[in-house]
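Chain residues, written in single-letter form:
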Amino acid sequence: MEPAQPADRVPADRTPPGGQPPVDQPAGAEPAATGPTTPGTGEPALVAGESSPAADEPALVAGERAPAAGEPSPDPSPRPSVARPGAAAGGPGDATGTGERSAPPPRVAAAATKAERSPKDMAISLLVLLIPIALLLAFYRGFLGGDQATTVDAAPAIEQARSANTFPVSEPQGLGSGWRTVSARYQTVEGGANLRIGYLTPEGRGVQLLQSNVPAEKLLPAELTDQSQPQGPTELAGRTWQRYTARGNQQALVLLEPARTVLVVGDARDNELRELAGALR
């Protein structure tokens, strides 16, 4: 039996086991510890006979009390994680993968509601907008006379032409109530003077009465067209008129006199043109 060795005695044989080469240690250095490490400052030391927690045992959470001796350990079952709001099932925001979905954002819900509108709802909305417009249009036409042309008094222009005494002036007499005077003007032009009176027929067509002392060979091409040709004579109120073609769908009645030329031209029907020409007095 060997005598007891002091605790601080360094073994003389420093050959490591297993045939490994000896490790030289500097003088005064302590041999490396081969046993359990000493806990750091502030860490509780393990009680004798107590082992470190196993890898599969849960660590204590901050605020939990360690079980005392003899108490059963807390349930090691994992704590369920809380899914983040708005995460899709199985997606990055669904931590547990339970498939639960949160409510869609307000914009997505509004877009889905808008897409669900039926054609009937759209028709009702359009009807609600059209009704006030129709009422305003009816009021404008029925009470304010929106469709009626503005009428004028031709008397001042006729009186001005007569005062100028450049040519004889005629005036329609006995036209029906459906005829409306919409313009009247007397003006001097190159080569003479013109008296223009515009009418709206009972059928709503435009007719112009022109009396002028401008030479006919210059007046007719300017008022009708260069290609206008006489289509034959017609008798109206004891006067012989000539029928002419005019611009577009217009036609004309022309009265040639030594001191003046009279034109009745427009897109009105032939009977309306004849009525106006026959009413001149």
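This is a predicted model, so every value here is computed, not measured.

Turning our eyes to something else, we now look at the side chain of E223. Take E223: it is sitting in helix α4 (residues 216-223). For E223, a relative accessible area of 19% gives the class buried. Polar contacts involving the side chain of E223 include one to the side chain of R196, which spans 2.5 Å. Those residues in contact with E223 that sit more than four places away from it in its chain are R196, L210, R247 and L263.

The subject of this paragraph is the nonpolar core. In terms of nonpolar packing, the biggest core is built from 25 residues, with L195, W241, L253 and V264 touching the most fellow members. Listed by contribution, the elements that provide at least two residues to this core are α3 (155-164), β2 (192-200), β3 (206-212), β6 (251-256), β7 (261-266) and α5 (270-278). Tallying contributions element by element places β2 first for this core, with four residues. Leave out the neighbours within four places in its chain, and W241 touches G232, P233, T234, L236, L253, V254, L255, V262, V264, A277 and L280. Core analysis: the next-biggest nonpolar cluster, separate from the first, contains 11 residues, L210, V214, L219 and L220 among them.

Turning to unusual backbone geometry, a few remarks are in order. The backbone of N165 shows a phi angle near 55°, a positive value even though the residue is not glycine. Counting through the fold element by element, N165 comes out in the loop between α3 and β1 (180-189). The exposure class assigned to N165 is exposed, which follows from its relative accessible area of 65%. Despite not being glycine, A237 has its phi angle at roughly 55°, a positive value. If you trace the backbone, A237 turns up in the loop between β4 (230-236) and β5 (239-245).

Let us look at the pattern of salt bridges. Within the structure shown, the criterion is met by six salt bridges. Salt-bridge contacts for E203 lead to R205; the nearest nitrogen and oxygen are separated by 3.7 Å. Given the relative accessible area of 44%, E203 is considered partly exposed. A residue is classified by how much of its surface remains accessible, and R205, at 29% relative accessible area, is partly exposed. Bridged by salt links that share partners, the residues E203, R205 and R269 form one connected network.

The next thing to look at is the confidence of the model for the chain. Across the chain, the average pLDDT comes to 75, with 55% of residues at 70 or higher. Every residue in residues 31-57 scores below 50 in pLDDT, and together they form five contacts with partners more than four places removed in sequence or on other chains. Scored below 50 in pLDDT, residues 85-95 shows 22 contacts in the model against residues more than four places distant or in partner chains.

At 3.6 residues per turn, the α-helix brings residues three or four places apart onto the same side. Taken together, the buried positions of α3 are occupied by A157, I158 and A161. Buried residues along α3 cover an arc of 100° about the axis, so they all sit on one side. Looking at α3, the residues exposed on the side facing more than 90 degrees away from the buried face are P156 and S163. Tucked into the core, α3 has its buried residues touching β1 and β2.

Glancing now at the sheet that holds β6. Strand order in this open sheet of seven strands is β1-β2-β3-β7-β6-β5-β4, and the pairing throughout is antiparallel. Edge strands, defined here as strands with exactly one partner in the open sheet, are β1 and β4. The average undirected angle you get between the axes of adjacent strands in this sheet is 20°. Looking at chain direction, β2 and β3 are connected through seven bridges and run antiparallel. For N194, the partnering residue across the bridge sits in β3 and is S212. Across the face of the sheet, α3 comes into contact with β1 and β2 while running at roughly 25° to β1.

So, about α5. Those residues of α5 lying buried are E272, L273, L276 and A277. Relative to the axis of α5, the buried residues are bounded by an arc of 135° and lie together on one face. Elements that come into contact with the buried residues of α5 comprise β2, β3, β4, β5, β6 and β7.

In this fold, A279 is placed in the segment after α5. Separated by 105 residues in the primary sequence, A279 and G174 have C-alpha atoms spaced 6.4 Å apart. Sequence-distant contacts of A279, defined by excluding residues within four places in its chain, comprise E171, P172, Q173 and L175.

About the cut-offs
- Residues numbered from 1 in each chain as written.
- Predicted model: local features only at pLDDT ≥ 70, side-chain atom pairs only at ≥ 80, totals over all residues.
- Heavy atoms only, no water.
- Helix = DSSP H or I, 4+ residues; strand = E, 2+ residues; numbered from the N terminus.
- Buried < 20%, exposed > 50% of the residue type's maximum accessible area, 1.4 Å probe, protein only.
- Polar contact = N/O pair within 3.5 Å; in protein donor to acceptor, adjacent residues only side chain to side chain.
- Contact = heavy atoms within 4.5 Å.
- Core = buried A, V, L, I, M, F, W, Y, C linked by side-chain atoms within 4.5 Å.
- Salt bridge = Lys/Arg side-chain N within 4 Å of Asp/Glu carboxyl O.
- pLDDT = per-residue confidence, 0-100.
- Arc of directions from axis to C-beta.
- Pairing = 2+ DSSP bridges.
- Axes fitted to C-alpha atoms, helices over the stretch in contact; angles between N-to-C directions.

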